[in-house]
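Notes for the structure review
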Amino acid sequence: MTRLNDEQLINLFHEPRTVSSFTEEPVTDEQLRRIQELTFYGPTAFNSQPLRITWVKSPEARERLVAHLADGNKAKTQAAPVTAILSADANWVEHADTFNPNAAGFIKGFYPSEELATPAAELSAHLQAGYFITAIRALGLDAGPMTGADFAGIKKEFFADNAEIPFLVVNLGHGEAPAYPRGARFSHDEVARSL
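The following paragraphs examine the structure supplied in this document. These numbers were taken from a predicted model, which means no experiment stands behind them.

1. Brief notes about the overall build of the chain
Along the chain, the regular secondary structure elements total nine helices and four strands. In the chain, the succession of helices and strands from N to C terminus is α-α-β-α-α-β-α-α-α-β-α-β-α. For a compact globule of 195 residues, the expected C-alpha radius of gyration is about 16 Å, and the chain comes in at 18 Å, within 12% of that figure. Dimensions of the chain along its principal axes, counting C-alpha atoms only, are 50 × 50 × 35 Å. Burial analysis of the chain (195 residues in total) assigns 39% to the buried set. Sequence separation of 24 or more characterises 77% of the internal contacts of the chain that already satisfy a separation of 6 or more.

2. Brief notes about the sheet that holds strand β1 (residues 51-56)
Hydrogen bonding along the main chain pairs the strands of a sheet, whether they run parallel or antiparallel. Read across the open sheet, the four strands follow the order β1-β2-β4-β3; overall the sheet is antiparallel. Each of the sheet's edge strands pairs with one partner strand only, and the pair in question is β1 and β3 (142-146). Each adjacent strand pair in this sheet contributes to an overall mean axis angle of 30°, direction not counted. As paired strands, β1 and strand β2 (residues 82-89) are joined by six bridges and run antiparallel to one another. The residue of β2 that forms the bridge with Val56 is Thr83.

3. With respect to the pattern of salt bridges
In this structure the tally under the stated criterion is seven salt bridges. For Asp6, the salt bridge identified is with Arg3, shortest N-O distance 3.3 Å. In this structure, Asp97 engages Lys108 in a salt bridge whose closest nitrogen and oxygen atoms are separated by 2.9 Å. Residue Asp97 is located in helix α5 (residues 96-99), and its partner Lys108 is located in helix α6 (residues 104-110); the two are separated by eleven residues in the primary sequence. You can call Asp97 partly exposed: its relative accessible area is 47%. Under the relative-accessibility criterion, Lys108 is labelled partly exposed at 36%.

4. Comments concerning the environment of Ile165
Within the secondary structure, Ile165 is located in strand β4 (residues 164-173). A relative accessible area of 24% places Ile165 in the partly exposed class. Note: C-alpha distance between Ile165 and Glu30 (135 residues apart in sequence) is 26 Å.

About the criteria used
Residues numbered from 1 in each chain as written. Predicted model: local features only at pLDDT ≥ 70, side-chain atom pairs only at ≥ 80, totals over all residues. Heavy atoms only, no water. Helix = DSSP H or I, 4+ residues; strand = E, 2+ residues; numbered from the N terminus. Rg over C-alpha atoms; globule rule 2.2 N^0.38 Å. Buried < 20%, exposed > 50% of the residue type's maximum accessible area, 1.4 Å probe, protein only. Contact = heavy atoms within 4.5 Å. Pairing = 2+ DSSP bridges. Axes fitted to C-alpha atoms, helices over the stretch in contact; angles between N-to-C directions. Salt bridge = Lys/Arg side-chain N within 4 Å of Asp/Glu carboxyl O.

Have a look at this one:
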């Protein structure tokens, strides 16, 4: 594997910020498709890929979503070019013949119940969410992920007829840099240990 050079690492990790406002430059359907494709190259348990992405673009869908957001997240979501609702497919095991045909029987036997399958779906989908934000940034866009929402309300509003469990809302587009400085980051010695 080819190592990213220092400039690329800075552009992907050091420079991007969580943004709350965006320019009027549009996000294309091709960019959204590419974000999904890149995201799904990330690792998941058994290659399960349980993340589901709902692109919120229409004014009607946006109003339905905004009604379930914390007050501080409403205006910025109304102004964002595109908003994504990320959810985990609790019925991921049903797709084992597609995502891992060689181990489908084992997977179905290992996760025979909703009680076992749902936490596995959520864990892998949360892992994919990190790749989702990284994919947005790798394509030169900016992301504003938010957990300030009534996710039970979002579930009822958008996913009442399926097994998707929403867990993150992400505004995305061409961001305007925050006026305040970046928050502190913990050092290696503060958060890592060798055993």
